[in-house]
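Here are the chains, one letter per residue:
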2 protein chains.
Amino acid sequence: MLNTIPTIDDIYSAHDRIKKLINRTPILSSGTLNSIFGSSLFFKCENFQKAGAFKSRGAVNVVYSLSKEQAVNGVCTHSSGNHAQALARAAASRGIPSYIVMPENAPKVKVEAVKEYGGEITFCKPTLEARESSLKDLIEKTKAYEIHPYNNYDIIAAQATANKELIEDVNVNLDLILCPVGGGGLLSGTALSKNYFSPNSKVIACEPLGADDAYKSFRKGEIVPSKNPNTIADGLLTSLGDKNFDIIQKYVNDIVTVREDSIIEAMKIIFERMKIIVEPSSAVPLAAIIEGKVDVKNKNVGIIISGGNVDLSKLPF
Amino acid sequence: MLNTIPTIDDIYSAHDRIKKLINRTPILSSGTLNSIFGSSLFFKCENFQKAGAFKSRGAVNVVYSLSKEQAVNGVCTHSSGNHAQALARAAASRGIPSYIVMPENAPKVKVEAVKEYGGEITFCKPTLEARESSLKDLIEKTKAYEIHPYNNYDIIAAQATANKELIEDVNVNLDLILCPVGGGGLLSGTALSKNYFSPNSKVIACEPLGADDAYKSFRKGEIVPSKNPNTIADGLLTSLGDKNFDIIQKYVNDIVTVREDSIIEAMKIIFERMKIIVEPSSAVPLAAIIEGKVDVKNKNVGIIISGGNVDLSKLPF
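Residues numbered from 1 in each chain as written. Chains lettered and ligands numbered in written order. Predicted model: local features only at pLDDT ≥ 70, side-chain atom pairs only at ≥ 80, totals over all residues. Heavy atoms only, no water.

### Digging into the overall build of chain A
For step 1, the next point in the chain: Along chain A, the regular secondary structure elements total 13 helices and 10 strands.
For step 2, the next point in the chain: Expressed along its principal axes, the backbone C-alpha trace of chain A runs to roughly 55 × 40 × 40 Å.
For step 3, the next point in the chain: Looking at chain A as a whole, 58% of its 317 residues are labelled buried.
For step 4, the next point in the chain: Within chain A, residue pairs in contact and separated by at least 24 positions form 74% of the contacts whose partners lie at least 6 positions apart.
For step 5, the next point in the chain: As presented, chain A carries roughly 12,500 Å² of accessible surface, and 47% of it is formed by carbon and sulfur atoms.
For step 6, the next point in the chain: Here chain A holds 36 positive side-chain charges and 35 negative ones, and the gap between their average locations is 3 Å. (Helix = DSSP H or I, 4+ residues; strand = E, 2+ residues; numbered from the N terminus. Buried < 20%, exposed > 50% of the residue type's maximum accessible area, 1.4 Å probe, protein only. Contact = heavy atoms within 4.5 Å. Areas by Shrake-Rupley, 256 points an atom, 1.4 Å probe, with all protein chains shown as cover. Lys, Arg positive; Asp, Glu negative; His and termini not counted. Charge placed at Lys NZ, Arg CZ, Asp CG, Glu CD.)

Encoded structure:
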């Protein structure tokens, strides 16, 4: 297990370790979107990733990095979202149990998905305290290995492979790489890959105004935790981890915020024009383009689509 | 313009002609779907095609096959669907006008799309007679060149390129190639490409039970036109063209029918598991697999996804 900022070799190793257990997701472009925004947009489609989100990269990497001794009692985490599904799937693939603490109000579709992958669920009250204390009890009982969803260098090294693939597979030099930010796992990985594999690109993080802890932290130079974050982009409600923030401060070029109505508009454009299903978090970078927060005119722009796990019966448009 | 069944060289020529004006659409697979059905399914994603459907292939080919004299007054057709959008786009790209007769009850989203591509719309009563007589009037007035959506060898040669790309890009030998059938443009092209580029594959056409004229015609050996067809798969309401039927009789291996509930179930699975947006017509082949009408066990199966133009505010699930 890594205990410092991943090196270029750490990212290569993570990629080798996970390659056969994840999808090398396609990069899609839309002529219509390119004409609307006067730029060349390249969408790295992690909505087509195993378990529907980039989280599978990190989960597989950590689960397969554990020694036999560390893995013997299984793995655990608390999560109401994509990390839970990804971890359950990764554990099942290695043949070890997974224990997931989920808030009792977690979306039914996510609960079902965790069960389908063989995860054992413990429900708790929907507060951070209840989640943490339930997880503590669970660890005492099972001795399972806890895997944090983002504040973990092995997770970061693996999330970095999404942008590594984007840089390798796109046939142009990217001027900009846009990435949503929640806890900072994907963003810190994306920034590291930019630094190692495409140092002339700029990474711009995009964040909902209603959950702008990364924006505030980046400007202040220290972590400013979220207070009552509220956004349709449910994957971005979490606050930055310190390991993530350290990397973000070093290698992210800027962070911008977007309004809720722009997120919904961007999501609708992606559905209607690109014919792909994305979760609201994935629409945040395009929202920044729509609002003019990022100038993409005549530029080659990579956009990381984080995932596609969304309740289709509750679309906001 | 072609006046006999397209040869292998005709299909190569059509592909060369349209290549730069269409997308070489990706082939997607889903690990989850493959385990559910115990087979390897390869989805050729024409929902990512220009104007959202395979129809762009045919429209571009015909528009660019016209001589200067034939093209000078523009092109016209009657259509309430994807052919209208594709033709308007192709005409705009060549810089000639397009005139589209649309029934006054055509979905607003399709009307808007035709307008956006610069098509000039004439509305008529929603009957075949009204559509044909309006088109006749329009041709007298404009002298525009009429382009039939499917009963046309240049259209067929171009629709054949979708399956040609599938065969070229997939890295296995396909045992089966499944394709929806409406008027028969896509199916006849798919069958020709099978014959020329993968003769050991079998092409199975999949049709809604509520619009089963191809099924009946194939069994009877002569065209049996649709009577009051009714299906959610709005792209498959049309009856077979004679040029299409001729090819279908020669090169299609079988035609199966599916129920409406299976089409909706298949559509939902594609949305939820594959994270792509498809129109109901595109879900018909997977519906045939769900119903067990096609045995795909341990087989490599290509599936042509015809398009993704669907009203997202009216999803049937």
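### Here we look at the packing of helix α1 (residues 8-18) of chain B against helix α9 (residues 185-197) of chain B
Residues and elements named next belong to chain B.
For step 1, the next point in the chain: Closest axis-to-axis distance for the α1/α9 pair is 10 Å, and the angle between their directions is 115 degrees. Looking at the two axes, α1 sits roughly perpendicular to α9. You can see that α1 and α9 cross each other, and the crossing is left-handed. Here α1 contributes I8, I11 and Y12 to the contact with α9, which in turn contributes L192, S193, Y196 and F197.
For step 2, the next point in the chain: Here the contact of α1 with α9 is built from residues that sort into six nonpolar, one polar and no charged. (Axes fitted to C-alpha atoms, helices over the stretch in contact; angles between N-to-C directions. Parallel < 35°, antiparallel > 145°, perpendicular 65-115°, else oblique. Left-handed = near helix turned anticlockwise from the far one by under 90°. Nonpolar A, V, L, I, M, F, W, Y, C, P; charged D, E, K, R; others polar.)

### Quick word on the pattern of salt bridges
For step 1, the next point in the chain: Throughout the structure, instances matching the rule amount to 34 salt bridges over all chains.
For step 2, the next point in the chain: Residues R259 of chain A and D261 of chain A are paired through a salt bridge, measuring 2.9 Å at the closest nitrogen-oxygen approach.
For step 3, the next point in the chain: Linking D16 of chain B and K19 of chain B is a salt bridge whose minimum nitrogen-to-oxygen distance equals 3.5 Å.
For step 4, the next point in the chain: Overlapping salt bridges bring together R24, K164, E168 and D169 of chain A as one network. (Salt bridge = Lys/Arg side-chain N within 4 Å of Asp/Glu carboxyl O.)

### A closer look at the sheet that holds strand β4 (residues 98-103) of chain B
Residue and element names in this part refer to chain B.
For step 1, the next point in the chain: Spatial ordering of the open sheet is given by β5-β4-β3-β6, a layout of four strands whose pairing is parallel. Looking at the sheet topology across the chains shown, the edges are occupied by β5 (120-124) and β6 (145-146).
For step 2, the next point in the chain: Where β4 meets β5, five bridges bridge the pair, whose relative direction is parallel. Bridging from a neighbouring strand, M102 pairs with F123 of β5. (Pairing = 2+ DSSP bridges.)

### Focus on the interface of chain B and chain A
For step 1, the next point in the chain: Counting residues at the interface gives 19 residues for chain B, matched by 19 residues for chain A.
For step 2, the next point in the chain: Looking at the side of chain B facing chain A, the largest losses of area belong to K275, I277 and L312 of chain B, adding up to 39% of the total buried there.
For step 3, the next point in the chain: Seen at the junction of chain B and chain A, the total is two salt bridges.
For step 4, the next point in the chain: Where chain B touches chain A, the interface holds eight residue pairs in polar contact (both at pLDDT 80 or more).
For step 5, the next point in the chain: Sorting elements by how many residues they give to the side of chain B that touches chain A places helix α12 (residues 260-274) of chain B first, with four residues. (Buried area = accessible area lost by both parts, 1.4 Å probe. Polar contact = N/O pair within 3.5 Å; in protein donor to acceptor, adjacent residues only side chain to side chain.)

### Topic: the domain arrangement of chain A
You'll often see interface size given as the accessible area lost when the parts meet.
Residue and element names in this part refer to chain A.
For step 1, the next point in the chain: Per the domain assignment, the segments of chain A are domain 1 (8-53 + 152-314) and domain 2 (56-146).
For step 2, the next point in the chain: One C-alpha centre belongs to domain 1, the other to domain 2; they are set 24 Å apart.
For step 3, the next point in the chain: At the interface, 25 residues of domain 1 touch 16 residues of domain 2.
For step 4, the next point in the chain: The largest contributions to the domain 1 side of the interface with domain 2 come from R17, L21 and A51, which together make up 34% of the buried area.
For step 5, the next point in the chain: Here domain 1 and domain 2 share two salt bridges between them.
For step 6, the next point in the chain: Among the ionic pairs, E165 bridges to R57, the shortest N-O distance being 2.9 Å.
For step 7, the next point in the chain: Put simply, domain 1 and domain 2 have 12 residue pairs in polar contact (both at pLDDT 80 or more) between them.
For step 8, the next point in the chain: Mapped onto the side of domain 1 that touches domain 2, the elements with two or more residues apiece are α1 (8-18) and α8 (153-169).
For step 9, the next point in the chain: Per-element tally for the side of domain 1 that touches domain 2: the top contributor is α8, with seven residues.
For step 10, the next point in the chain: Considering only residue class, the side of domain 1 that touches domain 2 consists of nine nonpolar, eight polar and eight charged. (Domains from an automatic or database assignment.)

### Focus on the sheet that holds strand β10 (residues 300-305) of chain B
Residues and elements named next belong to chain B.
For step 1, the next point in the chain: Taken together, the six strands give an open sheet; going across it, the order is β1-β2-β10-β7-β8-β9, and neighbouring strands pair in mixed fashion. Every interior strand has two partners, whereas the edge strands, β1 (27-28) and β9 (254-258), have only one.
For step 2, the next point in the chain: Of the strand pairs in this sheet, β1 and strand β2 (residues 40-45) are connected by two bridges, and their pairing is antiparallel. Its bridge partner being in β2, L28 is matched across the sheet by F43.
For step 3, the next point in the chain: Here helix α10 (residues 213-220) sits on the sheet and contacts β8 (202-208) and β9; the angle it forms with β9, its principal contact strand, is near 145 degrees.

### Description of the packing of helix α5 (residues 82-94) of chain A against helix α6 (residues 108-116) of chain A
All names here are of chain A.
For step 1, the next point in the chain: Contact pair α5 / α6: the axes reach a minimum separation of 8 Å and the direction vectors enclose 10 degrees. With respect to each other, α5 and α6 are oriented roughly parallel. Judged by residue contacts, N82, A84, Q85 and A88 of α5 engage K110, A113 and V114 from α6.
For step 2, the next point in the chain: Here the contact of α5 with α6 is built from residues that sort into four nonpolar, two polar and one charged.

### Overview of the environment of G221 of chain B
For step 1, the next point in the chain: With respect to the helices and strands, the residue G221 of chain B is situated in the loop between α10 and α11 (242-251).
For step 2, the next point in the chain: A C-alpha to C-alpha distance of 29 Å links G221 of chain B and S80 of chain B, two positions 141 residues apart in sequence.

### Comments concerning α12 of chain B
Residue and element names in this part refer to chain B.
For step 1, the next point in the chain: Across its 15 residues, α12 extends 21 Å between first and last C-alpha, which sits within 8% of the 21 Å expected from 1.5 Å per residue.
For step 2, the next point in the chain: Among the residues of α12, S262, I263, A266, M267, I269, I270, F271 and M274 are the ones counted as buried.
For step 3, the next point in the chain: Following α12 by one or two positions, K275 has its phi on the positive side, about 60 degrees. (Expected span 1.5 Å × (residues − 1).)

### Re the packing of aromatic side chains
Residues and elements named next belong to chain A.
For step 1, the next point in the chain: Counting across every chain of the model gives six aromatic pairs over all chains.
For step 2, the next point in the chain: Ring geometry for Y12 versus F197: centroids 5.6 Å apart, planes at 85 degrees, classification edge-to-face. With Y12 in helix α1 and F197 in helix α9 (residues 185-197), this residue pair connects regions lying 185 residues apart in the sequence.
For step 3, the next point in the chain: A centroid spacing of 5.3 Å and a plane angle of 80 degrees characterise the contact between F271 and F317, whose relative ring orientation is edge-to-face. Residue F271 is found in helix α12 (residues 260-274), and its partner F317 is found in the segment after β10 (300-305); the two are separated by 46 residues along the sequence.
For step 4, the next point in the chain: By relative accessible area, which is 1% here, F271 ends up buried.
For step 5, the next point in the chain: Overall, F317 belongs to the partly exposed group, its relative accessible area being 26%.
For step 6, the next point in the chain: Taken together, the ring pairs in this structure connect Y12, Y196 and F197 into an aromatic cluster. (Phe/Tyr/Trp six-rings, centres within 6.5 Å; stacked < 30°, edge-to-face > 60°.)

### Comments concerning the environment of S40 of chain B
Residue and element names in this part refer to chain B.
For step 1, the next point in the chain: The residue S40 is located in strand β2 in this model.
For step 2, the next point in the chain: Look at S40 and you get partly exposed, because its relative accessible area is 27%.
For step 3, the next point in the chain: Between the alpha carbons of S40 and V301 there is a distance of 6.1 Å; along the sequence they are 261 residues apart.
For step 4, the next point in the chain: Setting aside its immediate chain neighbours within four residues, S40 contacts N34, K299, N300 and V301.

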